[in-house]
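A look at the structure
The primary structure of each chain is shown beneath.
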Amino acid sequence: MTGGKIVIALGLVIGAVLIQTTVFQYIRPLGYAPELGLLTVIAISRYLDAEQAMFAAFTGGFLQDLLGGSPLGLWAIAFTVVAFVTVKVRAREVVGPPAVAIGVFGLTIAGLVTYMILGTLFGLGIIGRPGVIWDLLVPAIYNLVLAFPVFWLVKIAIRPQERSMVR
Amino acid sequence: MFPSGRRLDRATALFISLLAVGFLLATFDVRSSSGGATTVLRDGAQTLAAPVQSGIDIVVRPVVGFVDGISNIAGLREQNERLAAEVRRLEDRLRETSALERRVAELEAINDVAAPEDLATVTARIYSAGPSTFDQIRFINKGSADGIVVGQAVVDENGLVGRVDLVTGLSARVRLITDPLISVGVRVQDTNQTGAVTGRGDELLRLDMFDASKPVREGAIVITDGSRFPPGVVVGYVNETKAADVGFTLRTTVDPSARFAELDFVKVIVGWSPLDADPETGDPLIDPPSFTDPGSERQ
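Predicted, not measured: the structure shown is a model, and the values here were computed from it.

1. Details of the sheet that holds strand β6 (residues 183–188) of chain B
All names here are of chain B. Taken in spatial order, the six strands of this closed barrel run β6-β7-β8-β11-β10-β9, and their pairing is antiparallel. Strand-to-strand twist in this sheet, taken as the mean axis angle between neighbours without regard to direction, amounts to 40 degrees. Inspection of the sheet shows strand β7 (residues 194–198) paired to strand β8 (residues 205–209) by three bridges, in the antiparallel sense. Its bridge partner lying in β8, Thr 198 is registered against Arg 206.

Here it is, written out as structure tokens:
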């Protein structure tokens, strides 16, 4: 059953990356799109074991690298970092929508900063670009808005696996 | 949090291992030449993902278009009146320019200039974008089977869009001119001086001219100079009037003519290759069109 959970999680992350490359080429309020792949990694990492979460995150990030224009491995690292941090903070005794919102915002920023630093190290010159702060903040705010529907979808997709595991 | 300290160690060990793998992949990808293992991986992923992305695109595009149409109804009347006035103005302008066009056509024929519109093109449709804000790329539904090769220029009805940088059998990746990795050799139309335009993400393009003896004025048309892109393709319009600083260097911004947020159909110029430029000097073997007074200096 644990295998079922990881397959569903992988499917969700891959689906998110494909939606990111298609739907969000049209829907770009203010010229920015949410980082749906990162958001889905945060969502699945709430329900998976640490190893599973990082494996799914790395695979999803690697796919994003393959479909993107940056060197392979950069998004894979950024997704893995986000999954690792999410697993670390998920059991804190802070619950409720405000905590989730702050967590999603902070983790999205963490993932994007990781990618920006790596991208700059590997010659993409991201940190020196004009408007880089907005590249960071606006997708994080969009992720905040999308967090609750995405978390709900991930919950209904993964939870049945957990229930069958208990039985 | 974790059942035991041992499990935490395993997780941390896996985390560090994945980071190391990621770094190795990135280093290998950056160091490897085109056509290497990473290119094969990208080709494979793109080939697998393209049908799914195209399917999603087919479903999503009409919905987005419908919603856009609904949301724009309020502004359509005002836009219609504005466009009618614009049409009248352009009709007047067209009458003035048709005489000039005939003259340019005669000059091009005399000088054997290949204008961009005469070059062979392949029409393609964009079906996917890069997966993040930082990616200045688009994917088109034509590939090597249609004669697309790496390095070809991509244009739309407004001007230069980018350059093909990855090709699979049925699709290709286009790196937009807004990507900081892309630099376009250009000529400012009204001064005929050359420079280079560099992408800055979603911001305006940067124009650097290293031997500028004349200022550039706001609104001046910037066209390709024919070194790595076909000559005479509109790149954009100078955004700010600037004169050269000390040492004749001039830096200003250019508003790209292509509307990247609205890209749909594009044309890949397959009838021109960067190899058509002189390999030693970088000058075009096909002369770019001259926009100065034809009687003054063209040799």
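2. Points about the interface of chain A and chain B
Taken together, the contacts link 52 residues of chain A with 52 residues of chain B. Summing both partners gives a buried area of about 4,600 Å² for chain A against chain B, and 69% of it is carried by carbon and sulfur. Linking Glu 51 of chain A and Arg 10 of chain B is a salt bridge whose minimum nitrogen-to-oxygen distance equals 3.6 Å. There are 17 residue pairs in polar contact (both at pLDDT 80 or more) connecting chain A and chain B. Of all elements in the fold, only α1 (2–22), α3 (50–67), α4 (74–89), α5 (97–121) and α6 (132–166) of chain A reach the threshold of two or more residues within the side of chain A that touches chain B. The greatest single-element share of the side of chain A that touches chain B, amounting to 10 residues, is contributed by α3 of chain A. Partitioning the side of chain A that touches chain B into residue classes produces 31 nonpolar, 13 polar and eight charged.

3. What to know about the pattern of salt bridges
All names here are of chain B. Counted under the stated rule, the structure contains 13 salt bridges over all chains. As a salt-bridge pair, Asp 179 and Arg 175 come within 2.7 Å of each other at their nearest N and O atoms. The buried category is assigned to Arg 175, whose relative accessible area is 9%. With a closest N to O distance of 2.6 Å, Asp 208 and Arg 251 form a salt bridge. Residue Asp 208 is located in strand β8, and its partner Arg 251 is located in strand β11 (residues 250–256); the two are separated by 43 residues in the primary sequence. The buried category is assigned to Asp 208, whose relative accessible area is 8%. Overall, Arg 251 belongs to the partly exposed group, its relative accessible area being 47%. When salt bridges with common partners are traced through the structure, they connect Asp 57, Arg 61, Arg 125 and Asp 264 into a single cluster.

4. A closer look at the pairing of β11 of chain B
The side chains of a regular strand alternate, residue by residue, between the two faces of the sheet. Residue and element names in this part refer to chain B. Extensive coverage of β11 is indicated by the burial of five of its seven residues. Both β8 and β11 contribute to a ladder of five bridges, which runs antiparallel. Looking at the pairing, Asp 208 lines up with Arg 251 of β11.

5. Details of the packing of aromatic side chains
According to the stated counting rule, one finds six aromatic pairs over all chains in the structure shown. Three or more aromatic residues joined by ring pairs make a cluster, and in this case those are Trp 75, Phe 79 and Tyr 115 of chain A together with Phe 134 of chain B.

6. Some details on the side chain of Arg 61 of chain B
Tracing the backbone shows Arg 61 of chain B in helix α2 (residues 37–111). Accessibility expressed as a relative area gives 16% for Arg 61 of chain B, which makes it buried. A distance of 2.8 Å separates the side chain of Arg 61 of chain B from the side chain of Asp 57 of chain B, its partner in a polar contact. Engagement of the side chain of Arg 61 of chain B in a polar contact is seen with the backbone oxygen of Ile 126 of chain B, the distance being 2.7 Å. Those residues in contact with Arg 61 of chain B, other than ones at most four positions away along the chain, are Tyr 26 of chain A together with Arg 125, Ile 126, Tyr 127 and Asp 264 of chain B.

7. Here's the deal with the nonpolar core
The nonpolar side chains of a soluble globular protein tend to be buried with one another. In this structure, Ile 44, Met 54, Trp 75 and Tyr 115 of chain A are the most contacted members of the largest nonpolar core, which totals 62 residues. Among the elements that take part in this core, α4 of chain A stands out by supplying 11 residues, more than any other. Not counting chain neighbours up to four residues away, the residues in contact with Tyr 115 of chain A comprise Ser 70, Leu 74, Trp 75, Ala 78, Leu 124 and Ile 126 of chain A together with Phe 134 and Asp 135 of chain B. One finds Ile 148, Val 154, Val 167 and Val 197 of chain B within the second-largest nonpolar core, a separate group that totals 42 residues.

8. Section: the sheet that holds strand β5 (residues 172–176) of chain B
Residues and elements named next belong to chain B. Strand order in the closed barrel formed by six strands is β1-β2-β5-β4-β3-β12, with antiparallel pairing between adjacent strands. The sheet shows a mean angle of 45 degrees between the axes of neighbouring strands, direction not considered. Pairing of strand β4 (residues 160–167) with β5, which is carried by five bridges, proceeds in the antiparallel orientation. Note on β5: the bridge partner recorded for Arg 163 is Arg 175.

9. Observations regarding the packing of helix α2 (residues 36–45) of chain A against α5 of chain A
Residues and elements named next belong to chain A. Across the interface, α2 lies against α5 with an axial gap of 10 Å and an inter-helix angle of 125 degrees. Put simply, α2 runs oblique to α5. Seen along the crossing, α2 lies across α5 with a hand that is right-handed. Facing α2, whose interface residues are Leu 38, Leu 39 and Ile 42, α5 presents Val 104, Leu 107, Thr 108, Gly 111 and Leu 112. Of the residues contributing to the contact of α2 with α5, the split by class is six nonpolar, two polar and no charged.

10. A short note on the environment of Val 64 of chain B
Residue and element names in this part refer to chain B. By secondary structure assignment, the location of Val 64 is in helix α2. What makes Val 64 buried here is its relative accessible area of 15%. For the pair Val 64 and Asp 135, spaced 71 residues apart in sequence, the C-alpha separation works out to 22 Å.

11. Looking at the pairing of β6 of chain B
Residues and elements named next belong to chain B. Counting buried residues along β6, five of its six residues qualify, which places the element largely inside the surrounding structure. With five bridges connecting them, β6 and β7 associate as antiparallel partners. Across the sheet, the residue bridging to Val 184 is Val 197, located in β7. Here β6 hands over to β7 after five residues, with Asn 192 in that stretch at a positive phi of 65 degrees.

The rules behind these values
- Residues numbered from 1 in each chain as written.
- Chains lettered and ligands numbered in written order.
- Predicted model: local features only at pLDDT ≥ 70, side-chain atom pairs only at ≥ 80, totals over all residues.
- Heavy atoms only, no water.
- Pairing = 2+ DSSP bridges.
- Helix = DSSP H or I, 4+ residues; strand = E, 2+ residues; numbered from the N terminus.
- Axes fitted to C-alpha atoms, helices over the stretch in contact; angles between N-to-C directions.
- Contact = heavy atoms within 4.5 Å.
- Buried area = accessible area lost by both parts, 1.4 Å probe.
- Salt bridge = Lys/Arg side-chain N within 4 Å of Asp/Glu carboxyl O.
- Polar contact = N/O pair within 3.5 Å; in protein donor to acceptor, adjacent residues only side chain to side chain.
- Nonpolar A, V, L, I, M, F, W, Y, C, P; charged D, E, K, R; others polar.
- Buried < 20%, exposed > 50% of the residue type's maximum accessible area, 1.4 Å probe, protein only.
- Phe/Tyr/Trp six-rings, centres within 6.5 Å; stacked < 30°, edge-to-face > 60°.
- Core = buried A, V, L, I, M, F, W, Y, C linked by side-chain atoms within 4.5 Å.
- Parallel < 35°, antiparallel > 145°, perpendicular 65-115°, else oblique.
- Left-handed = near helix turned anticlockwise from the far one by under 90°.

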